[in-house]
Amino acid sequence: MSNCLRKETLSFIIDGCNPLAETGRSKLQNQRAVLNQQILRAVRMRAGAENLLRYVATNNNKVREQVLLELSFVNSDLQILKEELEGLNISVEVYQNTEETFSIPLVPLGLKETKEVDFTLPLKDFILEHYSEDSSEYEDEIADLMDLRQACRTPSRDEAGIEMLISYFLQLGYVENRFFPPTRHMGVLFTWYDSFTGVPVCQQNLLLEKASILFNIGALYTQIGTRCNRQTQAGLENAVDAFQRAAGVLSYLKETFTHTPSYDMSPAMLNVLVKMMLAQAQECVFEQIGLPGIRNEFFTLVKMTQEVAKVGEVYMLVNTAMNQEPVKENIPYSWSKLAQIKSDHYKALAHYFIATILCDHELQSGDDEDQQEKALSQLYDYMPEGLMVLTVLKDKVQRKQLGKAHLRKAIVYHEEALRVCGLCKKLRNIDVLQEVLTAAHKRSLLKYAQQETEDDFLSLIQAPDILPKTEHRIETITPQFSKVKVKDFFHRLGPLTVFSAKQRWTAPRTIRIHLEAGELGFSLKGGSPVQIYCLDPVCSAASMGLKEGDYIVSVGDVDCKWLGVNEVLEKFKSVGEQPIEIEVISCQDTAASMHSKSATYSVGMQKTYSLICLAMEDDKIDQTKKAPLKLPFLSWGTKNRQKAASTLCLPSAVAGSSQIKKKLSPFTLLNTESSLY
């Protein structure tokens, strides 16, 4: 790598990240890292106690009681640590915009923490062994890769931080194709901590690294969204865009990496997170519509009623998803309650708006009855028994009765939101949330008090549900990784289509070429690098060991891996009749594929994932049975829920599977064979 490129890379890293900055967000991440270490120690203690209970204390009652007591203490300690981690996940004030605001806080995702990784020895050894090059010449490239990874642990909360994470993700595509062969492990151990439980997952497969970086890209988008100023149109537009992009990245992660070893990246959890981000985008859309002010006008209020009902509906779906197994046990409790609060709050606003329509807007002689009837009928799936839309519009008594029924329902929803907020310790400490809920509740009470009360005991009308509708469709935005341009750090190794970890090469051989009557004795073909073609078996080059199909990697002292046919011929012509030395390599037959083993050490909380080794299990059940064609690495089933918290799993791939050669790029492994295990 040139010094210029290295300086640009280092400058980009420094500008994109400052791990020593004493910001509220960096302090939260530091606290998260400390909690992760404490959880790891506690989980190891629990695993040891469980093993002691299983193998040692089976016959000794005294020892058994002591171990059970210790296990109870460790589980209590783990629960406390988990609650502390949940407290960090609900520390939403730190991520909000610093401007004075009167809005319900939005929820960001915390970044996944990781341990440092040293690529130096594994990559240098592989360069020497596989590519037969002096690995000391690639120390700068390896250092750049490690610097970029280190910077990605604390990205800046802006587009530069997103670009840096995407750059590293794309760089991993190059690294995977160049240094991680499918037949063996490189000895590089990647450790990432679960964002919700703090439980570490250690694995030698680079796909865990790629999946975790994708999760952090989505998480960083959520932090950018919560940071936007929601008191301006531009700020709300940016927030909507950020949450849609976050949902797109998380959805891409769910679809691309189908089997993941940690809770936060499981398909069920990612599905909930995508729903939550889209709900927050829908909430920002409603705030954007109401930012200029909501006019007390019939058709404006009809539109606002449907929009806010849509927000209440999507948060209801989020709350329902959060309370389903297996997500329920690991999603922060306060997140679930906040989704319920928002659902009730926005449903209450919908009933308040429609009550305002009925109570404040009597049908006048100049009004368009048909238009008002059509608009109002779109709000209901059904009308209360004995009522018709047009009759309600014309009859003052019926309008007042139905309007008050909606106000009563709004007050019920407001009171439920306040009750749930009061039950959650972490939410009742968020002042702005309490203020917004209380103000909305008082407004509905005041509106209800302004209405005539003499007919309250005679009215039995129940307010019907409101049909949600939005004119602003919220969808995920698929990540466009191709917009971020990156250069392969290890570009000097040669074109990736040829010089990859999947293809094996002989060590470079030096051939001394003598021109015979101005002829080389062979032709050249191909792109970069060029290949020997139509070799004359009696020429001097053939006698020195040149073979048909060899690749030329250097001519004289000039590296030719990236040169085409014409450029290489120019090198030959430039020396005239003088002999010249070239270096060539030959492609070796790929050895029979070894069984692909992926060892993952995952220590979990109670009711954690079980890592199932189907090949080993099948051998125990029936030695004569064939291995299935595709072995799932993880299982959501309850069959192994009672097993130990940590399991070492080494599934075997199908032997003799054919490998199809493809053009390699950073995206080669994104859409095929993309399960983490």
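Residues numbered from 1 in each chain as written. Predicted model: local features only at pLDDT ≥ 70, side-chain atom pairs only at ≥ 80, totals over all residues. Heavy atoms only, no water.

The protein chain has the name Rhophilin-2 in an unreviewed UniProt entry, where Strix occidentalis caurina is given as its organism. In the Sequence similarities (unreviewed entry) part of its UniProt record, the protein chain is described as follows: "Belongs to the RHPN family." (UniProt positions renumbered as here; feature names shortened; annotations may be inferred.)

Some details on the overall build of the protein chain
A tally of regular secondary structure across the protein chain gives 19 helices and 12 strands. A buried classification covers 52% of the 677 residues belonging to the protein chain. For the protein chain, the exposed surface amounts to about 32000 Å²; the carbon and sulfur share of it is 51%. (Helix = DSSP H or I, 4+ residues; strand = E, 2+ residues; numbered from the N terminus. Buried < 20%, exposed > 50% of the residue type's maximum accessible area, 1.4 Å probe, protein only. Areas by Shrake-Rupley, 256 points an atom, 1.4 Å probe, with all protein chains shown as cover.)

Points about the pairing of strand S8 (residues 580-585)
It is a general feature of regular strands that their side chains alternate between the two faces of the sheet. One ladder, built from 5 bridges, connects strand S3 (residues 509-513) with S8; its direction is antiparallel. For Arg512, the partnering residue across the bridge sits in S8 and is Glu581. Sheet analysis places strand S6 (residues 551-555) next to S8, joined by 4 bridges and oriented antiparallel. In the sheet register, Ser554 faces S8, and the bridge partner there is Glu583. (Pairing = 2+ DSSP bridges.)

Some thoughts on the packing of aromatic side chains
Taken as a whole and assessed by the stated rule, the structure comprises 15 aromatic pairs. When the centroid spacing of 5.0 Å and the interplanar angle of 40 degrees are considered together, the rings of Phe169 and Phe481 count as tilted. Taken together, the residues span a long stretch of sequence, with Phe169 in helix H6 (residues 159-179) and Phe481 in the loop between helix H16 (431-449) and S3 at a distance of 312 residues. With relative accessibility at 6%, the residue Phe481 sits in the buried group. Arranged with centres 5.2 Å apart and planes meeting at 75 degrees, the rings of Phe298 and Phe299 form a pair that is edge-to-face. Its relative accessible area of 4% is what places Phe298 among the buried residues. Looking at Phe299, the relative accessible area reads 37%, which means it is partly exposed. Through a chain of ring-to-ring contacts, three or more aromatic side chains come together here, namely Phe126, Tyr131, Phe179 and Phe490. For the cation-ring pair, Lys112 lies above Phe215, with the distance from its terminal atom to the ring centre recorded as 5.7 Å. (Phe/Tyr/Trp six-rings, centres within 6.5 Å; stacked < 30°, edge-to-face > 60°. Lys NZ or Arg CZ within 6 Å of the ring centre and 35° of its normal.)

A closer look at the pattern of salt bridges
Taken as a whole and assessed by the stated rule, the structure comprises 22 salt bridges. One salt bridge connects Lys409 with Asp465, and the closest N-O pair in it is separated by 3.0 Å. You can see Lys409 sitting in helix H14 (residues 396-423) and its partner Asp465 sitting in the loop between H16 and S3, a full 56 residues away along the chain. Three or more residues joined by partner-sharing salt bridges are found here, namely Glu133, Asp559 and Lys561. (Salt bridge = Lys/Arg side-chain N within 4 Å of Asp/Glu carboxyl O.)

Looking at the state of the cysteines
Here the structure, examined in full by the defined rule, presents 0 disulfides. With no disulfide of its own, Cys228 lies closest to Cys284 among cysteine sulfurs, the gap being 8.0 Å. Note on Cys228: relative accessible area 11%, which makes it buried. (Disulfide = S-S within 2.5 Å.)

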